[in-house]
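Take a look at the letters that make up each chain.
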Amino acid sequence: MSEPVVFDIEMRVPFRGIARRTGVLFEGPAGWAEWSPFPEYGDLEAADWLRAAREVAKIGHPAPARDLVEVNGIVPALEPAAAARRAVESGCRTIKIKVAGLDQSLDDDVARVGAVRAALPEARLRVDANGGWSRQQARVAIGELAPLGLEYVEQPSPDVEDLAWLRGLDLGVAIAADESIRRADDPMRVKAAGAADVAILKVQPLGGARRCLRLAEELGMPVVVSSAVETSVGLAAGVALAAALPDLPFACGLETRRLLATDVTANPLNPVDGVLRVGAVTVDPDLLAACRADGEVTRFWLERWDRVSRIVGADR
Ligand SMILES: O=C(O)CCC(=O)c1ccccc1C(=O)O
Ligand SMILES: [Mg+2]
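Residues numbered from 1 in each chain as written. Chains lettered and ligands numbered in written order. Predicted model: local features only at pLDDT ≥ 70, side-chain atom pairs only at ≥ 80, totals over all residues. Heavy atoms only, no water.

Caption draft 1: Looking closely at the pairing of strand 7 (residues 124–128). Burial within strand 7 is extensive, with four of its five residues counted as buried. Bridge analysis of strand 6 (residues 94–98) against strand 7 gives five bridges, and the strand direction is parallel. Note on strand 7: the bridge partner recorded for Lys-96 is Arg-126. Each parallel crossover has a hand, and for strand 6 linked through helix 3 (residues 106–119) to strand 7 it is right-handed. Pairing geometry for strand 7 and strand 8 (residues 152–154), over three bridges, is parallel. (Buried < 20%, exposed > 50% of the residue type's maximum accessible area, 1.4 Å probe, protein only. Helix = DSSP H or I, 4+ residues; strand = E, 2+ residues; numbered from the N terminus. Pairing = 2+ DSSP bridges. Right-handed = clockwise from strand over helix to strand, strands pointing away.)

Right, dumping it as structure tokens:
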């Protein structure tokens, strides 16, 4: 295993309130891997992200069942005109729009989704609330947004019970579970509670593509693979999972490369006409060097790397 390289890349479009994306890249016998748990996550949660990265470096990605993956354009909580511009620029036929942000009212959300709908009348639209609504707020919000035409609403409220309650109301919009799977002690509770129509799976937080493949089978519901806003190296693990799933009925949430200002490869994983080509990502040493973090960020990540490596165990 190579020495960890700490990267620090500016966000072209701020997302989740972050202006820079930082993390670690390292190379193993099977290729380059990315470990980039969000800075506020604790070491135990970050350990699953490291298991995922080690799997990529040591044994590589699972075998693909397809060579193209359709993706959704991602629209952060922007003003309506900027949101519509980003949606059109993405070139995607499916668009995911962030809603329920702390500084956003329901009127803001309706205006943003409405602007995207007006710009792309034929697109499939989905929204992601990141658990930002109470179940009553979600009921009202979904009622207002549904007439704009939504294929699903992702994590409208925080808890599995909220999702199950909302799903039981038959609001005419499917419910997708994200945080209720990737941050839960037991992701299978979503199934047991009948809380979702669609499962969002992210490779790093769920401990690797192979674990995600098992989880998809156990959940027995359609899966959408989504990124954690990674460089093309991390994104490639999501693309590989999407490519390996037996069924892929929905576009995946893997259009986030363009949120970053730079990348570590000369062939970044940007979709063309909403489609990503499945294949290896080659790290360019000069681009990698240009993304290297400064002393303080490097120190934060190398200390975290040491602590979390100890949790995950010996390198074999
Ligand atoms: O799914 C997508 O289209 C983009 C990825 C995304 O939304 C995301 C990225 C980082 C952290 C959380 C999320 C999320 O799905 O909530
Ligand atoms: Mg989500």
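Caption draft 2: Representation of the side chain of Asp-109 within the structure. Tracing the sequence through the fold places Asp-109 in helix 3. Separated by 2.9 Å, the side chain of Asp-109 and the backbone nitrogen of Ala-100 make a polar contact. If near-sequence neighbours (up to four positions away) are discounted, Asp-109 is found in contact with Lys-98, Val-99, Ala-100, Gln-104, Trp-133 and Leu-145. (Polar contact = N/O pair within 3.5 Å; in protein donor to acceptor, adjacent residues only side chain to side chain. Contact = heavy atoms within 4.5 Å.)

Caption draft 3: Main features of the UniProt feature "domain: Mandelate racemase/muconate lactonizing enzyme C-terminal" (unreviewed entry) in the chain. Mapped onto this numbering, the UniProt entry annotates "domain: Mandelate racemase/muconate lactonizing enzyme C-terminal" (unreviewed entry) at residues 77–176. As annotated, residues 77–176 has a helix share of 45% and a strand share of 16%, and its two end C-alpha atoms lie 19 Å apart. (UniProt positions renumbered as here; feature names shortened; annotations may be inferred.)

Caption draft 4: Region of interest: the domain arrangement of the chain. By the assigned domains, the chain splits into domain 1 (5–60 + 285–312) and domain 2 (68–277). One C-alpha centre belongs to domain 1, the other to domain 2, and the line joining them spans 23 Å. Between domain 1 and domain 2, a total of about 2500 Å² is buried, with carbon and sulfur atoms accounting for 61% of that surface. Per-residue buried area on domain 1 facing domain 2 is highest for Arg-12, Phe-15 and Glu-34; these three make up 24% of the total on that side. Summed over the shared surface of domain 1 and domain 2, the number is two salt bridges. (Domains from an automatic or database assignment. Buried area = accessible area lost by both parts, 1.4 Å probe. Salt bridge = Lys/Arg side-chain N within 4 Å of Asp/Glu carboxyl O.)

Caption draft 5: Quick peek at the environment of Ile-175. Here Ile-175 is to be found in strand 9 (residues 174–177). Distance in space between the C-alpha atoms of Ile-175 and Ala-195 is 7.6 Å, their sequence separation being 20 residues. Beyond its immediate stretch of four places on either side in the chain, Ile-175 contacts Ile-142, Val-153, Pro-156, Leu-163, Leu-166, Arg-167, Ala-195, Ala-196, Asp-197 and Val-198.

Caption draft 6: How the structure looks around the packing of helix 3 against helix 4 (residues 135–145). Put simply, helix 3 and helix 4 touch, their axes get as near as 10 Å, and they point 30 degrees apart. As the angle between them shows, helix 3 and helix 4 are arranged roughly parallel. In terms of crossing hand, the pair formed by helix 3 and helix 4 is right-handed. The residues of helix 4 that touch helix 3, namely those facing Leu-106, Asp-109, Val-110 and Val-113, are Val-140, Ala-141, Glu-144 and Leu-145. Of the residues that constitute the contact of helix 3 with helix 4, the class distribution is six nonpolar, no polar and two charged. (Axes fitted to C-alpha atoms, helices over the stretch in contact; angles between N-to-C directions. Parallel < 35°, antiparallel > 145°, perpendicular 65-115°, else oblique. Left-handed = near helix turned anticlockwise from the far one by under 90°. Nonpolar A, V, L, I, M, F, W, Y, C, P; charged D, E, K, R; others polar.)

Caption draft 7: Spatial organisation of the sheet that holds strand 8. Read from one edge to the other, the open sheet built from seven strands follows the order 5-6-7-8-9-10-11, with strand pairing classed as parallel. Only two strands of the sheet have a single neighbouring strand rather than two, namely strand 5 (72–75) and strand 11 (223–225). Strand-to-strand twist across the sheet, computed as the mean angle between neighbouring axes with direction ignored, equals 25 degrees. Along the sheet, helix 2 (residues 80–90) contacts strand 5 and strand 6; its crossing angle with strand 5, the most-contacted strand, is approximately 155 degrees.

Caption draft 8: Summary view of the coordination of the magnesium ion (ligand 2). At 2.1 to 2.2 Å from the magnesium ion (ligand 2) lie its protein donor atoms, namely Asp-128 (OD), Glu-154 (OE) and Asp-178 (OD). Each donor residue of the magnesium ion (ligand 2) belongs to the same chain, and together they define the spacing D-x25-E-x23-D. Taken together, the residues Glu-154 in strand 8 and Asp-178 in the loop between strand 9 and helix 6 (179–182) connect sequence positions 24 residues apart. Asp-178 matches Glu-154 in its accessibility class, with the two residues each being buried. (Donors = N, O, S within 2.8 Å, 3.2 Å for Na, K, Ca; no water.)

Caption draft 9: The nonpolar core, seen in detail. Among the nonpolar cores identified, the biggest contains 96 residues, and Trp-35, Val-69, Ile-95, Trp-133, Ile-181, Leu-201 and Leu-254 are the most heavily contacted of them. Each of domain 1 (5–60 + 285–312) and domain 2 (68–277) accounts for three or more of the residues forming this core. In this structure Leu-254 touches Val-69, Val-71, Val-225, Ser-226, Ser-227, Leu-235, Gly-238, Val-239, Ala-242 and Leu-276, once residues within four positions along its chain are discounted. With five residues, the next largest nonpolar core counts Tyr-152, Ala-176, Ile-200 and Val-224 among its residues. (Core = buried A, V, L, I, M, F, W, Y, C linked by side-chain atoms within 4.5 Å.)

Caption draft 10: Unusual backbone geometry, seen in detail. Phi at Gln-155 is positive, roughly 40 degrees, even though this residue is not glycine. The residue Gln-155 is located in the loop between strand 8 and helix 5 (160–168) in this model. Exposure remark for Gln-155: the relative accessible area of 1% places this residue in the buried category. Not every positive phi belongs to a glycine, and Asp-273 is a case in point at roughly 50 degrees. Of note, Asp-273 is situated in the loop between helix 9 (232–244) and strand 12 (275–277).

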